[in-house]
Number of protein chains: 2
Amino acid sequence: MTVTRDDCLAFDAKDPLAAVAAEFEVPKDGTIYLDANSVGAMPRSAPERLTRLLLDGWHGLRRRGWSESDWLSAPRRLGDKVAPVIGAEPGSVVICDTTSVNLYKLLIGALRLRPDRRTIVSERANFPSDLYVMQGANAVLDNRYRLKLVEDGKSVAEAVDDDTAVLALSTVDFRSSFRHDIAAMTRRAHECGALALWDLSHAAGAVPTNVADNRVDLAVGCGYKYLCGGPGAPAYLYVAPALQDDIQPVLTGWMGHAATFEFDIEYRPAPGIDRQLCGTPSVIASAAMEAALDVWAKLDVARAFAKHRALSELVVTLVDQGLAGPEVGIGSPSDPDSRGGFVALRHAGGAAVVAALGEAGVVASFRPPDSVRFGLSPLYHRYIDVYDAVERLGGVLQSGVWKEARYSREKAI
Amino acid sequence: MTVTRDDCLAFDAKDPLAAVAAEFEVPKDGTIYLDANSVGAMPRSAPERLTRLLLDGWHGLRRRGWSESDWLSAPRRLGDKVAPVIGAEPGSVVICDTTSVNLYKLLIGALRLRPDRRTIVSERANFPSDLYVMQGANAVLDNRYRLKLVEDGKSVAEAVDDDTAVLALSTVDFRSSFRHDIAAMTRRAHECGALALWDLSHAAGAVPTNVADNRVDLAVGCGYKYLCGGPGAPAYLYVAPALQDDIQPVLTGWMGHAATFEFDIEYRPAPGIDRQLCGTPSVIASAAMEAALDVWAKLDVARAFAKHRALSELVVTLVDQGLAGPEVGIGSPSDPDSRGGFVALRHAGGAAVVAALGEAGVVASFRPPDSVRFGLSPLYHRYIDVYDAVERLGGVLQSGVWKEARYSREKAI
């Protein structure tokens, strides 16, 4: 049974999250932005919030903003708004720094919790910046760790053993959208006495991660993708409550001190998650991010994940029924439980197809060698957007215009 | 000869930088914000720039902003605008992360350039977060370094010897505004074969730091104080050109990779200063900061430093001539070459005086035990502001209202 454009209009008509899309600005020129994996859409309230922060806060309060406003509590306050999206306990998430910096902190923190072990397990398919962070952290630690990178496609679970200190993985593969089973892999790490450290960037805000239920030890993630925190938004980090007071902070700055404004010369870590903070919070960037997190706070996240799953299945169905033409395959797993936030389509034209698709009013993204990524947001994408995007892809390929498209290696996140 | 209020009006009338103040919003209620050491004033252009970034960039370009806009070049572009303010060579400064994170990076990077040495020299009077970073970095390095903290007031120069890997100091004492002689201390470090790493936070944008002429090896600093980058603005870091390709980055993330978008699995540091970058730049915060840096770019910085010196001398003169009353002393050095961005006044009432002063329309700041800080900006402060602030302080003290002021430990930056 073929899914038609009218079917998609009908799906939208009965979508319980349809009203949420109204909280985001709609592109005026009809462009479909399948960019949820890169820069999530802007909440309508963001410009007004930022202007208010600037005029009332920066201009009106100035330094008094630190004490009379909510600037210094932003890391915890926003962290508690991220928590339900990733299935975390209140008080177990802070927003701060970048994903890479947070990974560095928690990786070294975790290694010090397993001082007799000398292996970090990850995989070659991990996001490169995560691998770079591991390599750099290991260098700081005199390269005393073995960084065991499982070949793409081989079993990570088998690589974990009783020398493994940390299993550090990205939940979702940034090329294929393959999603690990967080529960199973974390259980496997624990069976061997290792800690599990997850990068949730391409999962959180699209699919369930359930860090508490899945017994995840440590996690980090990106604020500007599915969370819609704005370009270069602060990242977040999670530490399981049972570990918070055992893990020693690595980047020990004043915001992680037990008594910041006593100005002791000796560092004493704050209790709980706060010790993972280091420098002054990015107040302006946090205000933009909070606009998005307040949209999340009003949602039933389970419903959001169900919608994402339906959008993602719709891409697969439409491609399978030939709407994009015969040359397009699905590069992502067929089981939606094994897919992350985007659906990877495969076409040998790669970046040129993405460029031509952009001209045709669909913003997607490319990752080598042949992955055309459709990043789907349960907050602002409609079923009709998915239909039209796949149809436009079919048009681009059928017309052959993509062969004239200027190929350039995409320098984009 | 007594300086009068009319004299101050005359100083303003012939101030060559008077026009620069018009680039900043003037407080509507007559409050005088002596907060340049905490949150510099907002440039008038900041709200419009941020709104444009949100509407044209986040909303209009979305993920294409990474490739079609100037988002990814922000760390270098803004760094090159900070460079003249600190006297650095073009291509030797990037903005990124926080001051504390940048200090961590450069401290460990520097220690690895002096592998046979085991001492870090600093002083107890250093900013506590800087000391915490040193302690935390040393813990990561198995506490193999001796952190030699010179007692306040004793000679740092004598503490440096041929076991010293790094001399790491804040240019300006955050309580007294005592300013180190960067040239002399750096020379002393070099005589012993050590590297000099400076935190410029309470100096840059107020007084000359001349990192290139002073042969400084490494420096970090805060974006939101005298630079006026906005609350929680990105910080900056400096690496002398001769060291840039020798120093190994510590927080090795994709933005510091030689070929970020080739997605190699092995980290290869970018040439030059870029290797010090780690995660995705904070695009929104950078846009606010650039509003201020573009004000700096139009200035003769030497003229700005001359004005700051005149403002700072005016505080001292007015206090010396009794305008603040007999109980107020100057806690900063009398030689302006030995003072940083603020002038510390001493009064036993401490935070209560600062609280009462706030009620009287002067926002200053307190640091224990008795330092009332007047943070002076050459960009937006007028001579008459200084006169009125000192006079209001005199009024507050003479009336005794400060004794009723609610004392609370200031939780403010």
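Quick caveat, the model's predicted, so the values are computed rather than measured.

**Observations concerning unusual backbone geometry**
All names here are of chain A. Of note, the amide linkage connecting Pro368 to Pro369 takes the cis form, showing an omega dihedral of 0°. Mapped onto the elements, Pro369 comes out in the loop between β12 (365-367) and β13 (371-375). Its identity is not glycine, yet Arg215 carries a phi of approximately 60°, on the positive side. As for its position among the elements, Arg215 is in the loop between β6 (195-199) and β7 (218-221). The exposure class assigned to Arg215 is exposed, which follows from its relative accessible area of 60%.

**Some words on the packing of helix α11 (residues 301-320) of chain A against helix α13 (residues 383-399) of chain A**
Residues and elements named next belong to chain A. With their axes 10 Å apart at the nearest point, α11 and α13 run at an angle of 25° to one another. It follows from the interaxial angle that α11 and α13 lie roughly parallel. α13 is crossed by α11, and the crossing has right-handed handedness. When α11 is examined against α13, the residues Lys307, Ala310, Leu311, Leu314, Val315, Leu318 and Val319 are found in contact with a partner set consisting of Tyr383, Val386, Tyr387 and Val390. Residue composition of the contact of α11 with α13, by class: 10 nonpolar, no polar and one charged.

**Some remarks on the interface of chain B and chain A**
With 94 residues of chain B at the interface, the matching set in chain A holds 94 residues. Carbon and sulfur atoms make up 66% of the surface buried where chain B meets chain A, a total of about 8000 Å² over both sides. Summed over the three residues of chain B that lose the most area to chain A, namely Trp58, Arg62 and Arg63 of chain B, the buried surface amounts to 12% of that side. Linking chain B to chain A there are four salt bridges.

**A look at the confidence of the model for chain A**
The pLDDT averaged across chain A works out to 95; a share of 98% of its residues lies at or above 70. Interface confidence for the predicted complex, expressed as ipTM, amounts to 0.97; the pTM equals 0.97.

**A word on the side chain of Gln276 of chain A**
All names here are of chain A. Among the secondary structure elements, Gln276 is positioned in the loop between β8 (236-239) and α10 (283-297). On the basis of relative accessibility, which here comes to 3%, the residue Gln276 falls in the buried class. Beyond its immediate stretch of four places on either side in the chain, Gln276 contacts Cys96, Lys105, Leu106, Leu237, Val239, Ile247 and Pro249.

**Observations regarding the nonpolar core**
Of all hydrophobic cores here, the largest spans 235 residues; its most connected members are Ile86 and Tyr104 of chain A together with Ile86 and Tyr104 of chain B. When near neighbours in sequence (up to four residues on either side) are disregarded, Ile86 of chain A contacts Val93, Leu200, Ala204, Thr209, Asn210, Val211, Tyr236 and Tyr238 of chain A.

**Topic: the relation of the copies chain B and chain A**
By a simple turn and slide, chain B fits onto chain A: the slide is 0.0 Å along the axis, the RMSD is 0.0 Å, and the turn is 180°. Here the symmetry operator amounts to a two-fold rotation axis. Closest to the rotation axis within chain B is the C-alpha of Ala285 of chain B, separated from it by 2.7 Å. Comparing contact sets, 100% of the residues at the interface of chain B also lie at the interface in chain A, consistent with an isologous, same-surface contact.

**Considering the sheet that holds strand β12 (residues 365-367) of chain B**
Residues and elements named next belong to chain B. If you walk across this open sheet you meet the four strands as β9-β10-β13-β12, and the pairing is antiparallel. The strands lining the two open edges of the sheet, one partner per strand, are β9 (329-330) and β12. Of the strands in this sheet, β9, β10 (342-346) and β13 (371-375) touch helix α11 (residues 301-320), which is tilted by about 20° from β10.

**Focus: the state of the cysteines**
Per the counting criterion, the structure on display carries zero disulfides over all chains. With no disulfide of its own, Cys278 of chain A lies closest to Cys96 of chain A among cysteine sulfurs, the gap being 8.8 Å.

Calculation rules
- Residues numbered from 1 in each chain as written.
- Chains lettered and ligands numbered in written order.
- Predicted model: local features only at pLDDT ≥ 70, side-chain atom pairs only at ≥ 80, totals over all residues.
- Heavy atoms only, no water.
- Helix = DSSP H or I, 4+ residues; strand = E, 2+ residues; numbered from the N terminus.
- Buried < 20%, exposed > 50% of the residue type's maximum accessible area, 1.4 Å probe, protein only.
- Axes fitted to C-alpha atoms, helices over the stretch in contact; angles between N-to-C directions.
- Parallel < 35°, antiparallel > 145°, perpendicular 65-115°, else oblique.
- Left-handed = near helix turned anticlockwise from the far one by under 90°.
- Contact = heavy atoms within 4.5 Å.
- Nonpolar A, V, L, I, M, F, W, Y, C, P; charged D, E, K, R; others polar.
- Buried area = accessible area lost by both parts, 1.4 Å probe.
- Salt bridge = Lys/Arg side-chain N within 4 Å of Asp/Glu carboxyl O.
- pLDDT = per-residue confidence, 0-100.
- Core = buried A, V, L, I, M, F, W, Y, C linked by side-chain atoms within 4.5 Å.
- Least-squares fit on C-alpha atoms with pLDDT ≥ 70 in both.
- Pairing = 2+ DSSP bridges.
- Disulfide = S-S within 2.5 Å.

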